[in-house]
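Architecture at a glance
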Amino acid sequence: GEGGSGEGGGGEGGIATAPDGDICGKVQVVAVVRLLGHDGSEWICRYANCFRGSSEANVHAESFVIADETILSAVRAGEVAELTLYLSY
């Protein structure tokens, strides 16, 4: 795979957008994922919580991580030598 970077749960002007397209009111927790490929490539992406008023209603940063097709397809294809997840709280 190709190395790159991106931002999950992000939108224009720093306004987060949930996977269902809803606008998020406030961002709190941040997850950063770093993938290292067997070929030496590196991919880093930042994800943020989508605040919707309560812990039950919020879309959590980790939910964005496990829904990211770039990560899923790289892992499924066996291209990932190392995956590191950093999570702030």
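Look a little higher up for the structure.
What comes next concerns the included structure. The numbers attached to residues start from 1 for each chain and follow its sequence in the written order. Note on the predicted model: pLDDT of at least 70 is required for a residue's local features to be given, and 80 or more for side-chain atom pairs to be given and counted; whole-chain, interface and lining totals, by contrast, use all residues. Only heavy atoms go into the side-chain values, all of them from the structure, while hydrogens and water stay out.

Before going further, it helps to examine the side chain of D68. Relative to the helices and strands, D68 is located in the loop between α1 (61-67) and α2 (69-76). Salt bridges are absent for the buried D68, whose nearest opposite-charge side chain, R76, sits at 9.9 Å. Each polar contact in these results corresponds to two N or O atoms within 3.5 Å; when the atoms are within protein, one needs to be able to donate a hydrogen and the other to accept it, and residues that are neighboring in sequence are counted only if both atoms are side-chain atoms. At 2.6 Å, the side chain of D68 forms a polar contact with the side chain of Y47. Whether two residues are in contact is decided by their heavy atoms: any pair within 4.5 Å suffices. Ignoring anything within four residues of it in the chain, the contact list for D68 reads W43, C45 and Y47. Numbering goes from the N terminus for both helices and strands, where a helix is a DSSP run of H or I of at least four residues and a strand is a run of E of at least two. Throughout, exposure labels follow a simple rule: accessible area from a 1.4 Å probe, protein chains only, divided by the maximum for the residue type, with under 20% read as buried, over 50% as exposed, and the rest as partly exposed. His residues and chain termini do not enter the charge count, which takes Lys and Arg as positive and Asp and Glu as negative. Whenever Lys or Arg places a side-chain nitrogen within 4 Å of a carboxyl oxygen from Asp or Glu, that contact is recorded as a salt bridge.

On to the pattern of salt bridges. According to the stated counting rule, one finds one salt bridge in the structure shown. Ionic pairing is found between R34 and E42, a salt bridge with its closest N-O pair at 2.6 Å.

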